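Chain and residue survey
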Amino acid sequence: MVGRDVRILVTGGAGFIGSHLCDALLAAGHEVWAADNFASGRAANVAHLGGQPRFRLIEADVTRPLPPELPPVERIYHLASPASPNAQSPRSYLQLPLATADVNTIGTRLLLERAREDGARLLFASTSEVYGDPAIHPQPEDYRGNVSPTGPRAVYDEAKRFGETLVAAYWREFGLDGRIVRLFNTYGERMDPEDGRVIVNFAMQALRGEPLTIYGDGTQTRSFCYVGDTVRGIVAAMEAPDGAGEVFNLGNPDERTIADFAATVQRACGTALPTRYEPLPTDDPTRRCPDISKARRLLDWAPRVGLEEGLRRTIPYFRAELARLTPAHAAP
Ligand code: UDP
């Protein structure tokens, strides 16, 4: 964490990870401006920060110039983007394809310009999706990936890849201090309970007493990182003394099959419900697991919260969300 008090912009600050990042930065004594257009972020995620004098939430679309009331900043964390691949959610990148492409390309470009003007450092939240359906396992940062440029996921995968290209180009051309983190699957409190991601679906289904929907045969793998660990890694990447121009994987290398994950969520919820098999979405990656040796070495970072412990912390949140949503669902 930077040792003095600075002004920081967090784009996507009302999102799941962004709101936790705002909490961490405020707790460290910084002034935080969260920008969000609420395409997938939720005001409820930062409602608890309303009374904080060092916190400001601005409704802004970062593909356009930022509002003039935003004073110069020293750090820009660019997290704004839809991130769920589940076509059934209106907030997924499959339902917001061009907005997703724009925020990660045009938005990144404008924020890099803003960083130049302000003399700020910028961190771009990229994704494990840049590796696509990986041919190398686990994935180190120097693996170049296996991504379809025209498939349905490309608006996210390719836009994140081009966002990375822009950060690298600003570093080379202007010496602008940009850093890239590739976030692997992250879970925890404040996930949108309707965004269709696997942990959300399994937890909500288990708590409703419904069958768990496994897409494909459940042998595909993911590695799930608790949000507190992810946020600690993001800040470490931003503040690493030798981090300019670097790329870091951030994720938990504890790889699980989706079938195993369904059973683990059921244990955390105390249920024994049946599973229902549904078709695997197009271009769904077969396996995914981060190689985090670089983050361990340069950031002294590794996840601390295991999956069972993380679920123990997160399930009460989903229970509360279910109680909040149930009357609405019961309405005609
Ligand atoms: N998945 C599933 N059931 C669901 C939702 C997702 O089996 O109800 C699978 C999905 O096909 C993928 C994995 O779980 O293989 C993780 O999906 P998620 O949407 O969380 O994110 P992704 O890692 O694909 O970006």
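The structure we're discussing is the one just above.
All of the points below concern the structure found in this document. (Residues numbered from 1 in each chain as written. Predicted model: local features only at pLDDT ≥ 70, side-chain atom pairs only at ≥ 80, totals over all residues. Heavy atoms only, no water.)

So, about the nonpolar core. By size, the foremost hydrophobic cluster in this structure holds 63 residues, and its most contacted members are L21, Y77, I234 and F318. Beyond its immediate sequence surroundings of up to four residues, I234 is in contact with I17, L21, Y77, L123, V181, L183 and L250. Ranked by size, the runner-up nonpolar core spans 24 residues in total, among them A120, F124, L166 and Y170. (Core = buried A, V, L, I, M, F, W, Y, C linked by side-chain atoms within 4.5 Å. Buried < 20%, exposed > 50% of the residue type's maximum accessible area, 1.4 Å probe, protein only. Contact = heavy atoms within 4.5 Å.)

Let us look at the environment of V155. Following the sequence through the fold, V155 ends up in helix 3 (residues 154–174). In sequence terms V155 and N104 are 51 residues apart; their C-alpha atoms lie 9.2 Å from each other. (Helix = DSSP H or I, 4+ residues; strand = E, 2+ residues; numbered from the N terminus.)

What follows concerns the state of the cysteines. Evaluated as defined, the whole model comprises zero disulfides. The structure places no disulfide on C225, whose sulfur is separated from the nearest cysteine sulfur, that of C289, by 11 Å. C289 gets classed as buried once you look at its relative accessible area, which sits at 5%. (Disulfide = S-S within 2.5 Å.)

This paragraph deals with the packing of aromatic side chains. Overall, the coordinates contain eight aromatic pairs when judged by the stated rule. Between the aromatic rings of Y170 and F174, the centroid separation amounts to 5.2 Å while the plane-to-plane angle is 55°, which identifies the pairing as tilted. Pair noted here: Y170 and F174 are both in helix 3, with a separation of four residues, about one helical turn. Residue Y170 is classed as buried on the basis of its relative accessible area, which comes to 4%. Ring centres of F202 and F261 lie 6.0 Å apart, and the angle between their planes is 35°; on these two criteria the pair is classed as tilted. On the criterion of sequence distance, the pair formed by F202 in helix 4 (residues 198–208) and F261 in helix 6 (residues 258–269) is long-range, its members being 59 residues apart. For the pair F202 and F261, one class covers both residues: buried. The rings of Y131, Y143 and F184 are connected pair by pair, giving a single aromatic cluster. Above the plane of the ring of F174 lies R116, whose end atom (NZ or CZ) is 3.6 Å from the centre. (Phe/Tyr/Trp six-rings, centres within 6.5 Å; stacked < 30°, edge-to-face > 60°. Lys NZ or Arg CZ within 6 Å of the ring centre and 35° of its normal.)

Quick look at the side chain of H20 now. Tracing the backbone shows H20 in helix 1 (residues 16–27). For H20, a relative accessible area of 16% corresponds to the buried category.

Another aspect to go through is the site of the ligand. Lining the immediate environment of the ligand, one finds 18 residues, of which T213, Y215, R222, D284 and R288 sit closest. N185 is positioned with one of its side-chain polar atoms (N or O) 2.8 Å from an oxygen atom of the ligand. Between N201 and the ligand, the recorded distance is 2.9 Å, taken from a side-chain N or O atom to an oxygen atom. In the complex, 96% of the free accessible area of the ligand, which totals 520 Å², lies under the protein chains. Listing elements by their share of the shell around the ligand, those giving two or more residues are helix 4 and strand 8 (212–215). The residue inventory of the shell around the ligand, partitioned by class, reads seven nonpolar, five polar and six charged. (Near = heavy atom within 4 Å. Polar contact = N/O pair within 3.5 Å; in protein donor to acceptor, adjacent residues only side chain to side chain. Areas by Shrake-Rupley, 256 points an atom, 1.4 Å probe, with all protein chains shown as cover. Nonpolar A, V, L, I, M, F, W, Y, C, P; charged D, E, K, R; others polar.)

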